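Survey of secondary and tertiary structure
Spelled out from the first residue to the last, the chains are:
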Amino acid sequence: MKLLWIVPLMLLTACASKPKLVLHPKEPATVVRDASVRYPEATRRYYVGRYVDPHNSLTMHEQHVVYRVEQTSRWNLHSGPSSPSGVTLQPAVSDPAFVPFPVNDAILAEINAQKAATTAVMIQTRQLSGALEQFQAALRQTKSNLQETTTLRATIATLEKRVMQLESAQLNPVESTNNPIIPFPRP
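Residues numbered from 1 in each chain as written. Predicted model: local features only at pLDDT ≥ 70, side-chain atom pairs only at ≥ 80, totals over all residues. Heavy atoms only, no water.

**Section: the overall build of the chain**
Where we set the bar: Put simply, DSSP H or I for four residues or longer makes a helix, DSSP E for two residues or longer makes a strand, and each gets a number counted from the N terminus. Any residue under 20% of the maximum accessible area for its type is buried, any over 50% is exposed, and the rest in between are partly exposed; the area is computed with a 1.4 Å probe on protein chains only. Throughout, a contact is declared for two residues whenever any of their heavy atoms are within 4.5 Å. The method behind every accessible area is Shrake-Rupley, applied with a 1.4 Å probe, and residues are considered shielded solely by the protein chains displayed.
A tally of regular secondary structure across the chain gives 2 helices and 6 strands. Going residue by residue from the N terminus, the α and β elements of the chain occur as α-β-β-β-β-β-β-α. The proportion of buried residues among the 187 residues of the chain is 3%. In the chain, 44% of the contacts between residues at least 6 apart in sequence involve partners at least 24 apart. Surface exposure of the chain reaches about 17,700 Å², of which carbon and sulfur atoms provide 63%.

Dropping the structure here:
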């Protein structure tokens, strides 16, 4: 019975109380995606082939892609192109992929030397190509000259035989009736 008088008391106090906290709906906060406020994270993709799990030698992993966060997102603490004091500020680049290659006089001299060497090699290549073409033309000409020389030697040998037959026919007129004259072959 003691509990019955507590229930109406609770109902009366619950109805009589006013809410102390009033919630008003507000517009959702805007999402800022700007590198001038916050740098994004740098994520890289790595292709991994088959391998045995280092923690369990009875498990083998198949080829797959592993994504690794190289650098987490961070605040951009630079105020902009120039500070209030007028000094120009440049953001510190901490990602080595975006760091420009250092250039100094020694590097520029080496690059220029390599360019000059490459140019010299290209010029020599052109000269060698021209000399090779001339050599090939001379070789073709030599082959045709060799064929003509072989033909001329065969013709000279035939002519020498004919001359010898004619000379022997003049020396021995009686024998010449028995030996007919060999006609001259025409090429």
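**A closer look at the packing of aromatic side chains**
Centre distance and the angle of the planes are the two values used to describe a pair of aromatic rings. As a reminder of what qualifies: Two rings from Phe, Tyr or Trp (for Trp, the six-membered ring) form a pair when their centres are within 6.5 Å of each other. A pair whose planes differ by under 30 degrees is stacked, one over 60 is edge-to-face, and the rest are tilted. Comment: the charge-over-ring label is applied if NZ (Lys) or CZ (Arg) is within 6 Å of the ring centre and within 35 degrees of the ring normal.
Following the criterion strictly, the structure yields 0 aromatic pairs and no others. It is R38 that lies over the ring of W75; its NZ or CZ is 4.6 Å from the centre.

**Some details on the pattern of salt bridges**
Between side chains of opposite charge, pairing is possible as soon as their charged atoms come close. The line we're drawing: Any carboxyl oxygen of Asp or Glu that lies within 4 Å of a side-chain nitrogen of Lys or Arg is treated as forming a salt bridge with it.
In the structure shown here, the tally under the stated rule is 2 salt bridges. Residue R50 is joined to E62 by a salt bridge in which the shortest nitrogen-to-oxygen separation is 3.2 Å. Within this pair, whereas R50 is found in the loop between β2 (42-48) and β3 (51-52), its partner E62 is found in the loop between β4 (60-61) and β5 (64-71), the two being separated by 12 residues in sequence. Relative accessible area serves as the criterion here: at 46%, E62 is assigned to the partly exposed category. In this structure, E70 and R68 form a salt bridge, with 3.1 Å as the shortest nitrogen-oxygen distance. Given a relative accessible area of 30%, E70 falls into the partly exposed group. Accessibility expressed as a relative area gives 45% for R68, which makes it partly exposed.

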